[in-house]
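Each chain, written out:
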Amino acid sequence: MTAPQTPDTAPAGSSGASYYERHIFFCLNQRKGGEDCCADHRAQEGFDRCKSQVKAAGLSGPGKVRVNKAGCLDRCAAGPVAVVYPEAVWYTYVDANDIDEIVDSHLKNGKVVERLLTPVHLGR
Ligand code: FES
């Protein structure tokens, strides 16, 4: 006889439908052989900046925001890229100011940063 399964406890104020309110994935892919990739466009710096800013703003944790590394997201021509869920909003960023704006506007307040949106036609 096995013990009954205990469901995960939903964060306070959450319906339990989504463990995190928002999830941002940064492509950190490094290609070999000189092929263009996000890692060649300071993606690690963007990821590190986002992670530290989210933490400093008290936004990290269950029911709030999660910042994750990702492999190639197949939009290399627009790199470096990051995507925010559940809205599925794609960003192309350049520097720390861009990351700070994404954190403050979108991750914190749910307002999309229009000027940083990845052009829809850019894929791999
Ligand atoms: S290398 Fe970043 S999207 Fe492909």
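First, a word on what this report is: a plain description of the structure on this page. (Residues numbered from 1 in each chain as written. Predicted model: local features only at pLDDT ≥ 70, side-chain atom pairs only at ≥ 80, totals over all residues.)

Focus: the overall build of the protein
Broken down by element type, the protein carries 2 helices and 4 strands. When the helices and strands of the protein are read in sequence order from the N terminus, they spell out β-α-β-β-β-α. Looking at the protein as a whole, 27% of its 124 residues qualify as buried. Within the protein, residue pairs in contact and separated by at least 24 positions form 64% of the contacts whose partners lie at least 6 positions apart. (Helix = DSSP H or I, 4+ residues; strand = E, 2+ residues; numbered from the N terminus. Buried ≥ 20, exposed ≤ 12 C-beta atoms within 10 Å, placed from the backbone. Contact = placed C-beta atoms within 7 Å.)

Section: helix α1 (residues 43-56)
Spanning 14 residues, α1 covers 20 Å between terminal C-alpha atoms, matching the ideal 20 Å at 1.5 Å per step. If you check which residues of α1 are buried, you get A43, G46, F47, R49, C50, K51, Q53 and V54. Where α1 is buried, its residues contact β1 (22-27), β2 (65-70), β3 (81-85) and α2 (96-109). G58 occupies a position one or two residues after α1 and carries a positive phi of about 70°. (Expected span 1.5 Å × (residues − 1).)

Topic: the sheet that holds strand β4 (residues 89-92)
Here we have 4 strands laid out as an open sheet, ordered β2-β1-β3-β4, and mixed in their pairing. The open sheet has two edge strands with one neighbour each: β2 and β4. Neighbour to neighbour, the strand axes of the sheet diverge by 20° on average, direction disregarded. As defined by bridge partners, β1 adjoins β3 across 4 bridges and the pair is classed as antiparallel. Paired with I24 across the bridge in β3 is V84. Here α1 sits on the sheet in contact with β1, β2 and β3, set at roughly 155° to β1. (Pairing = 2+ DSSP bridges. Axes fitted to C-alpha atoms, helices over the stretch in contact; angles between N-to-C directions.)

Some thoughts on unusual backbone geometry
In this chain, G79 is followed by P80 through a cis amide linkage whose omega measures 5°. On the secondary structure map, P80 appears in the loop between β2 and β3. The peptide bond linking Y85 to P86 adopts the cis configuration, its omega dihedral lying at 20°. The phi dihedral of A88 falls on the positive side, at around 55°, and the residue is not glycine. With respect to the helices, strands and loops of the structure, A88 is situated in the loop between β3 and β4. The exposure class assigned to A88 is exposed, which follows from the 7 C-beta atoms found within 10 Å.

Digging into the pairing of β3
Strand direction decides the pairing type here: β3 and β4, joined by 4 bridges, are antiparallel. Looking at the pairing, V81 lines up with T92 of β4. The turn linking β3 back onto β4 is made up of 3 residues, and A88 within it adopts a positive phi angle of 55°.

Observations regarding the nonpolar core
One finds I24, F26, C50 and V81 to be the most contacted residues of the largest nonpolar core, which totals 22 residues. Elements with a contribution of two residues or more to this core: β1, α1, β2, β3 and α2. Apart from the residues within four sequence positions on either side, V81 is in contact with C27, C38, L73, R75, W90, Y91, T92 and T118. (Core = buried A, V, L, I, M, F, W, Y, C linked by C-beta atoms within 7 Å.)

Read these as layout, nothing more, since geometry by itself doesn't imply function.
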